[in-house]
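Each chain, letter by letter, is given below.
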Amino acid sequence: MPDPSAGAPTRRRQWGAERRTRPLDTLHARPSDRKLVSGRVAIILTIAFWLAYVVYTVIRQFLDYGTESFRFTTEALSYLVVVTFLTFSALMHLVARQGAMERFASHVRVPRAELDRHFASGHDAPMTVLVPSYAEEPDVVATTLWSAALQEYPSLRIVLLVDDAPFPTDPETLDRLERTRAVASRIQEQLEAPSRRFHEALFSAEVEADAAPFASTQALRTLVEHHRWADAWLRRQAREHDVADHVDRFFHDQVLVGLADEFGLTAQALESAIADAVVLGQDFSEVTSARALELQRRLAWTFTAELMTFERKRYVNLSDEANKAMNLNAYIGLMGGAYAFDETASGTVLRTVDDPDAADLVVPASDYVLTLDADSVLLRDYCLRLVYFLEQPENARVAVTQTPYSSFRGAATRIERLAGATTDIQHILHQGMSHHDATFWVGANAVIRTRALQDIEEVETVGGFEVKRYVQDRTVIEDTESSVDLGMHGWTLVNYPERLSYSATPPDFGSLVVQRRRWANGGLLILPKYIRQVRERRARGERVGIVEMSLRVNYMASIAWASFGLIFLLAYPYDSRLLSPMVLLAALPYFWLLSSDLKYCGYKRTDVFRIYGFNLILMPVNVAGVLKSIQQALTAKKIPFARTPKVRDRTASPALYVLAPYAIVAFSVFTFVRDYGAQNWGNAVFAAFNALLATYAIVAYIGVWNSVVDIWLWATRWMYYDPAARAARRAARRAARRADHPAARGGRRHGRRRDGVGPAPEPVLEDWHAVLYFGHGGGNMPVRHDADVVGAAGARPATSTPAGATGPRQERSAA
């Protein structure tokens, strides 16, 4: 279970937070005919009112007044462009939503027995679950790994990809890292007893199943006993699980207790079958031996998984790019190979070997890869249902399938509740995008064919080492760009129309800023690649529909035009003649159905106004993300990957993003006063509406006192001196000066100590191993002064000599 020793504080619940803790149903409610018709009518009305605005407002103004002035003409054209783009985004929202409703209306869930029969008939392709982790709390990681380990899948291997620096000097950081490293082994130990029990029972059941076509009552009693034992084991784990927040509550109720309830229900059904056989005086039940064997296999599969931890930064030949994509790529590139550790002057290098028995590290091949964020939780039949879907003949060219994640209910803060509402709305939209073949890989969870990843593999040689890329890291939204890459090779993506995955939502404004700024960055950079994909697909004779293209372009670029368009509407005093009720009527279907979907997802209809204010205060964040994309396009330099903080304490917000919402309110009030005096009633009402909702959003989601604290921290940062931070910055600058070649980055890894305690310093220049390895004059050999050699706690210079070896170099260091 998640580590109770972490001691993380429980977040204090705010007034107005969410009281509901029960998640939404796994199966979407089948929409009524009225709901389907209302969605189609909303699409028609949006288009009709936009056309009416263009004809009866813009064109009529030109017919009545002509091009009376350059300013009016410019205002009219720019206003029309802004309104058109915003209306287009609203229309795409309605189109995607309608597609989701039609998918929900036609979806039929595969019965459990059919899943068991499918996987019992030789469909047991191995799956590797990759959980990238960086500076995560151990209990958060444990929850995710447990939800993966309890998947009912025949062959499951779970790898925690720890991306922290492997030898931290800070004791607190080192302690957290050690506890994170221990999570996988602790889960493996706890699963050992049930796994051994049920595999032994499976062997006996296989022998008995061959003896008769129907299961005996005695065999069913044994099977009931095993199900009762599994039920009790899970409930004991649930009792020992420390419930600190709503995420822990979800894991307790939906993963542990939910699986226990299912085993208990199966036991009751088997007991009823036994009772029927006893009443008839028969020794054999009506349950077939094949079905009884499937139920026994299910127990064995559920409690059997291989768990391990892998740290790419221990190996010099693996990329150390600081992003999730390269963390995944490093391990995917090793799959299917056997490797020996080669200790060099640069650090440990993984060398491919032909004989697995002689290897230090064997990474098995896998037909499927499941990528899972370290703050996500899967329901128990996620793997079974998604792999079953992939293995249907009609889905042979589906590369990625996923269930777009939903939010955990019972949020302790108002902003987490509202951000969770937008997450649940996005879940619906992503389901609708699959209806129009416009699916994007969302990233928090996905089942991927390894063969598809091999098709989009890119290989380059960096510093003499081969670096493989599957998931692109050119932008910080790596999943979106990889979706485009897969499309270029003829693969498709599909969202499975159920709720089977959940992911954490940032609980405070500071962490939300990091997440949303990353989401807003990269779409514009990927758009040209998508245009190339469309051309290539059409050259192959594939049909690319206008709806698919519109949805994809809107997904990648709408943040840019919506953010700048809203700025224009807020800041520029447009002529009142350009305002028309038709603009409001064109937006009305969008807001009406958005409020309906919020109610459908268990929120309030009035949350539509809160979401509007929420988006207002996030507008500077979105603009910053878009500007970062433009910066990358101009400079051709990657934007650093910023991971969303996952802590229970509040994350401080940058002062810019705290002050900007106040500036929006101040400017809206100024605009209201100005337009009220000029009797420009339309602009005045719009400004007052924005000022009111933005003010509410600041108070409810940022907090006035939190704003003061964050601004004070920013203003007084220069007053504080942190020797450790300053030393770290100096070390980083020294490393950057040496890092003109990838091998130099490996130099900082030289002589890493294998005991996991403290950093191993780099060798001095006269180390002959370094001379022979790096050569002379290449600029790659680490050159250190004697004063820099001393490591943490006065450690002596480390060498690359294998453990237990002796030599002149060690003697010189000791002297």
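Before any of the text, the structure's been laid out above.
Residues numbered from 1 in each chain as written. Predicted model: local features only at pLDDT ≥ 70, side-chain atom pairs only at ≥ 80, totals over all residues. Heavy atoms only, no water.

Q: Is there a simple way to think about the overall build of the protein in this case?
A: Helix and strand counts for the protein come out as 26 helices and 17 strands. For the protein, the proportion of its 815 residues judged to be buried stands at 55%. For the protein, long-range pairs separated by at least 24 residues make up 83% of all intrachain contacts whose partners lie at least 6 apart in sequence. (Helix = DSSP H or I, 4+ residues; strand = E, 2+ residues; numbered from the N terminus. Buried < 20%, exposed > 50% of the residue type's maximum accessible area, 1.4 Å probe, protein only. Contact = heavy atoms within 4.5 Å.)

Q: Before we go on, may I ask you to explain empty space enclosed by the protein in this structure?
A: Empty pockets left among the atoms are what a rolling probe the size of a water molecule brings to light. Enumeration according to the criterion identifies 4 cavities of 30 Å³ or more in this entry. Within this model, the largest cavity holds a volume of roughly 70 Å³. Taken together, 13 residues line the largest cavity, and the ones lying closest to its centre are Leu569, Leu570, Thr671, Phe686 and Ala687. For the lining of the largest cavity, the secondary-structure elements that each account for two or more residues are α16 (546-571), α19 (655-677) and α20 (681-702). When grouped by side-chain class, the residues that make up the lining of the largest cavity number 7 nonpolar, 4 polar and 2 charged. Counted as a void, the second largest cavity has a volume near 60 Å³. As for the second largest cavity, its lining consists of Pro132, Lys324, Leu328, Thr371, Asp373, Trp441, Gly443, Val471, Glu478 and Asp479. Counting residues per element, the ones that place at least two in the lining of the second largest cavity are α9 (324-332) and α13 (478-488). (1 Å grid on protein atoms, 1.4 Å probe; cavity = no way out; pocket = protein on both sides within 12 Å on 5 of 7 lines; lining within 4 Å. Points joined across faces, edges and corners; volume = space filled by probe spheres on them. Nonpolar A, V, L, I, M, F, W, Y, C, P; charged D, E, K, R; others polar.)

Q: Could you clarify how one ought to interpret the sheet that holds strand β12 (residues 406-407) in this entry?
A: Picture the strands of a sheet paired through backbone hydrogen bonds; they go either parallel or antiparallel. The mixed open sheet is built from 3 strands, whose spatial order is β10-β17-β12. Both edges of this open sheet fall to β10 (376-378) and β12, since each of them pairs with a single strand only. (Pairing = 2+ DSSP bridges.)

Q: How should the side chain of Glu311 be read in this particular structure?
A: Tracing the backbone shows Glu311 in the loop between β5 (306-310) and α9. When neighbours within four sequence positions are excluded, Glu311 is seen to be in contact with Val162, Pro166 and Arg181.

Q: What is the right way to look at the packing of aromatic side chains in this model?
A: Each aromatic ring pair is described using two quantities: the centre-to-centre distance and the angle formed by the ring planes. Counting across every chain of the model gives 25 aromatic pairs. Between Tyr696 and Tyr701, the aromatic rings sit 6.0 Å apart at their centres with planes inclined by 90°, giving edge-to-face as the arrangement. Aromatic ring contacts, followed pair by pair, group Trp146, Phe198, Trp229, Trp233, Phe263 and Phe303 into a single cluster. One cation-aromatic arrangement involves Arg409 over Tyr603; the distance from NZ or CZ to the ring centre is 4.1 Å. Above the ring of Trp592, the side-chain terminus of Arg605 is found at 5.7 Å from the ring centroid. (Phe/Tyr/Trp six-rings, centres within 6.5 Å; stacked < 30°, edge-to-face > 60°. Lys NZ or Arg CZ within 6 Å of the ring centre and 35° of its normal.)

Q: In this structure, what is going on with the packing of helix α7 (residues 246-279) against helix α8 (residues 289-302)? I would like to understand it.
A: Any two packed helices are characterised by how steeply their axes cross, that is the angle between the axes, and by the distance between the axes. For the pair α7 and α8, interaxial distance at closest approach is 13 Å and the crossing angle is 160°. One way to sum up the angle between α7 and α8 is to call them roughly antiparallel. In the crossing of α7 with α8, the sense of the turn from one axis to the other is left-handed. Residues Leu259, Glu262, Phe263, Thr266 and Leu270 of α7 touch α8, and the partners they reach there are Leu295, Arg298, Leu299 and Thr302. Partitioned by chemical class, the residues of the contact of α7 with α8 number 5 nonpolar, 2 polar and 2 charged. (Axes fitted to C-alpha atoms, helices over the stretch in contact; angles between N-to-C directions. Parallel < 35°, antiparallel > 145°, perpendicular 65-115°, else oblique. Left-handed = near helix turned anticlockwise from the far one by under 90°.)

Q: Explain unusual backbone geometry here, please?
A: Where the residue is not glycine, phi is negative for most of them; where a peptide bond is considered, it is trans in most cases. We note that Ala135 has phi near 55°; this positive angle belongs to a residue other than glycine. Structurally, Ala135 can be placed in the loop between β1 (127-133) and α4 (138-149). Phi angles above zero are rare outside glycine, and Gln679 is one such case at about 60°. Among the structural elements, Gln679 can be located in the loop between α19 and α20. Of the residues examined, Gln679 reaches a relative accessible area of 55% and is grouped as exposed.

Q: What should I look at first to understand the packing of α4 against α7 in this one?
A: At their nearest, the axes of α4 and α7 sit 11 Å apart, and the two run at 15° to each other. Classified by the interaxial angle, the pair formed by α4 and α7 is roughly parallel. In this structure, α4 crosses over α7, and the sense of that crossing is left-handed. Residues Thr143, Trp146 and Ser147 of α4 form the contact with α7, whose own contacting residues are Asp248, Phe251 and Val255. When the residues that make up the contact of α4 with α7 are grouped by side-chain class, the tally is 3 nonpolar, 2 polar and 1 charged.

Q: Sorry if this is basic, but what is going on with the sheet that holds strand β8 (residues 361-363) here?
A: One open sheet accounts for 3 strands, arranged β7-β6-β8; its pairing is antiparallel. Each edge of the open sheet is held by one strand with a lone partner, namely β7 (348-352) and β8. Strand-to-strand twist across the sheet, computed as the mean angle between neighbouring axes with direction ignored, equals 35°. Pairing analysis gives 3 bridges linking strand β6 (residues 337-343) to β8, with the strands arranged antiparallel. Each residue of the ladder has a partner; that of Tyr339, found in β8, is Leu361.

Q: Is there a simple way to explain the pairing of strand β9 (residues 368-372) in this structure?
A: In regular strands, side chains alternate between the two faces of the sheet. Here β9 lies mainly inside the structure; 5 of its 5 residues are buried. What you see with β9 is no split at all: Tyr368, Leu370 and Leu372 on one side and Val369 and Thr371 on the other are buried throughout. Bridge count between β1 and β9: 4 bridges; the pairing is parallel. Counterpart to Leu130 in the pairing with β9 is Thr371. In terms of strand pairing, β9 meets strand β13 (residues 445-449) through 5 bridges, oriented antiparallel. Considered in β13, the bridge of Thr371 is made with Ala446.

Q: Help me out: how do you make sense of the nonpolar core in this one?
A: Proteins that are soluble and globular tend to have nonpolar side chains buried together. Counting residues in hydrophobic clusters, the biggest one holds 69 residues, and the most contacted among them are Met127, Leu145, Tyr153 and Phe303. With 9 residues, the top contributor of residues to this core is α7. Not counting residues up to four positions away in its chain, the partners in contact with Tyr153 are Phe119, Ala125, Pro126, Met127, Trp301, Tyr368, Cys383, Leu384 and Val387. Ranked by size, the runner-up nonpolar core spans 67 residues in total, among them Leu527, Val608, Ile611 and Leu693. (Core = buried A, V, L, I, M, F, W, Y, C linked by side-chain atoms within 4.5 Å.)

Q: Got a minute to help me understand a nonpolar patch on the surface in this structure?
A: Among the surface-exposed residues, Tyr662, Val699, Val704, Trp705 and Val708 lie close enough to one another that they form a single nonpolar patch of about 490 Å² accessible area. Among the elements that take part in the nonpolar patch, helix α21 (residues 704-715) stands out by supplying 3 residues, more than any other. Position of Val704 among the secondary structure elements: in helix α21. Accessibility expressed as a relative area gives 46% for Val704, which makes it partly exposed. (Patch = residues over 30% accessible without salt bridge, like charges linked within 9 Å, V, L, I, M, F, W, Y side chains within 5 Å. Areas by Shrake-Rupley, 256 points an atom, 1.4 Å probe, with all protein chains shown as cover. Salt bridge = Lys/Arg side-chain N within 4 Å of Asp/Glu carboxyl O.)

Q: Sorry, what's going on with the pattern of salt bridges here?
A: Side-chain pairing between opposite charges can occur once the charged atoms of the two side chains come close. Tallied over the entire structure, the rule returns 42 salt bridges. Of the charged contacts, one joins Arg97 and Asp597 as a salt bridge, the two residues approaching to 2.7 Å between their closest N and O atoms. Remark: Asp597 occurs in helix α17 (residues 581-600) and Arg97 occurs in helix α2 (residues 70-106); sequence separation between them is 500 residues. With a shortest N-O distance of 3.2 Å, Arg179 and Asp175 are connected by a salt bridge. In this pair, Arg179 and Asp175 are both assigned in helix α5 (residues 171-209), 4 residues apart and thus about one turn of the helix distant.

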